[in-house]
Every structure is written in C-alpha cells, then in structure tokens.
Amino acid sequence: MAGRGGAARPNGPAAGNKICQFKLVLLGESAVGKSSLVLRFVKGQFHEYQESTIGGEFEIWDTAGQERYHSLAPMYYRGAQAAIVVYDITNTDTFVRAKNWVKELQRQASPNIVIALAGNKADLATKRAVDFQDAQTYADDNSLLFMETSAKTAMNVNEIFMAIAKKLPKTEPQSGAGGAGRNRVVDLQESSQPSRSQCCSN
Ligand code: GTP
Ligand code: MG
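Within each chain, residues carry numbers counting from 1 in the order of the written sequence. Going through the entries in the order they are written, you letter the chains from A and number the ligands from 1. A pLDDT threshold of at least 70 governs which residues receive local features in this predicted model, and a stricter bar of 80 or more applies before side-chain atom pairs are shown or counted, although totals over entire chains, interfaces and linings include all residues. Water and hydrogen atoms were dropped before computing side-chain values, which therefore reflect all heavy atoms in the structure.

Draft legend 1. Just helix H5 (residues 132-141), in detail. Categorising residues by exposure relies on relative accessible area from a 1.4 Å probe, with only protein chains included: less than 20% of the type maximum marks a residue as buried, more than 50% marks it as exposed, and the intermediate range marks it as partly exposed. By definition, any uninterrupted DSSP run of H or I lasting at least four residues is a helix, any uninterrupted run of E lasting at least two residues is a strand, and each is numbered from the N terminus. Burial in H5 covers these residues: Ala135, Tyr138 and Ala139. Mapping the buried residues of H5 onto a view down its axis gives an arc of 100°, with all of them on the same face. A contact between two residues is defined here by any heavy atoms of the two lying within 4.5 Å. Along its buried surface, H5 packs onto strand E3 (82-88), helix H4 (92-108), strand E4 (114-120) and strand E5 (145-148). The N-cap residue of H5 is aspartate 131: its side-chain oxygen and the backbone nitrogen of glutamine 133 are 3.3 Å apart. In the stretch just after H5, serine 143 is the one whose phi turns positive, near 55°. Each direction from the helix axis to a C-beta atom contributes to the arc, which is the arc of those directions. Polar contacts here mean pairs of N or O atoms no more than 3.5 Å apart (in protein, one a potential hydrogen donor and the other a potential acceptor; neighbouring residues in sequence count only if both atoms are side-chain atoms).

Have a look at this one:
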C-alpha cells in the first residue's frame, strides 16, 4: 500500500534504490533508556537517515522493560529482523538482564536476527559499573554488534541503527513489518496493542 516502494514519495530514494522495511525490537530492563534511544533516533536523526544510501526503514517496537510484561515479549520479537538489547552502563543488573535477553533471542527469535547490544547512558561514565571491554568481549563471543550509546548526548544513537541497517539483507524480508510510515514507532506501553496494554497497565 502507500509507502511501500517509494517511487512517488517525496524525499524517497532515487530510482532503482529499493526500500526494504524491517521490524526492529528494543529489549532491556526497565529504565535503561529504550524509549529515549528511539526518541533520539527518530527525532534527531530522521532526515539524515532518509537521505542515506542504505535504503532501509525500520518499524521500531519499543517494548516495556518491566518484568510483568516479559511474557508478552515473544510476540514482539518473533517476527523481528533486528533487535537492540539495551543495558545501562551504571547498573550491572541491567547487563545481566541484557545477556538473558540475548540468550532468549538466540533460542527463540528468527535464526538470522541481527542483534545489537547497546550500553546506554555512556554520558554517566563517572558512575560506570559495566566495563567497556567486558561488554565488547561478550558481544564478540556472541557475534553481536556493540556500541556504548547515550540517548542524552546522542552519542552512537544514529550509528547503532545504521550499523544494524548495514547488516540486514537488501531484499524485502518475508515477514514484512507492514505499515506505511518510515521508521514507524510502535510503543507497546501506549496504544499499539490496546487490549493487551490496557489490561496490563496499572
Ligand atoms: P521502560 O519503558 O520502563 O522499559 O524504560 P526505558 O528503557 O524505555 O527507559 P526510558 O527511556 O524511559 O529512560 C529511563 C530514564 O533514563 C529516564 O529518566 C531517561 O531520561 C533516562 N535516560 C535514558 N537514556 C539516558 C542516557 O543516555 N543518559 C542519561 N543520563 N539518562 C538517560
Ligand atoms: Mg520505555
């Protein structure tokens, strides 16, 4: 439908550049900054991304990190071509939780899913609890993209999305994300799954 293909879209790709749409899910403990990263990326880097030659677009599923929502997660990552697992560099528990998310994705998500690990709140370096090299080694051992990010200062936010885009196949995924908007954001704590999110909120 509208928005696919992009031939007539203002600011769309040059002729011959195919737009591929991907579903990307953000996972991680509550308050690590998933929603903040999405906001930073979509608001701050949106136009630059549109003009890039990568020719990709994301449908971003921003999940709720609170443990009571965990049982909903498989529904959200199952069709995803990419995931960003986020932890907070000032909080070791969130790194442990991130590793568990990676394990869960490796076991249960699609086998070709591109997983990125984001050590967020890098601006709070004075309160650092997770060593950069430890996270890098873990990421290397598990074939993950890894960057420390800051939604606050914008450090590596665009870069991590772009690095994921570069690793995705340049053909339309079979389980297309659907929807017409570029970099459409699905906030699972708000309105995207009305019956489920309402039944679980408060
Ligand atoms: P849930 O929706 O509960 O799963 O949390 P979340 O992961 O979406 O976290 P959210 O984006 O709501 O951020 C939590 C808090 O951390 C907020 O107070 C943000 O302002 C703050 N925060 C997010 N990213 C950063 C960052 O890069 N640096 C700093 N200093 N604070 C951040
Ligand atoms: Mg959030």
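Now that the structure has been shown, we can carry on.
Draft legend 2. Spatial organisation of the confidence of the model for the protein chain. Residue-level confidence of the predictor is summarised by pLDDT, bounded by 0 at the bottom and 100 at the top. Confidence in the prediction for the protein chain averages 77 pLDDT; 68% of positions are at 70 or higher. Of the regions scoring below 50 in pLDDT, residues 45-55 engages in 23 contacts with residues more than four places distant in sequence or in other chains.

Draft legend 3. Quick look at the environment of asparagine 91. For asparagine 91, the position within the fold is in the loop between E3 and H4. A relative accessible area of 27% places asparagine 91 in the partly exposed class. Separated by 39 residues in the primary sequence, asparagine 91 and valine 130 place their C-alpha atoms 6.9 Å from one another. Within the structure, the side chain of asparagine 91 is placed 2.9 Å from the backbone nitrogen of aspartate 93, a separation counted as a polar contact.

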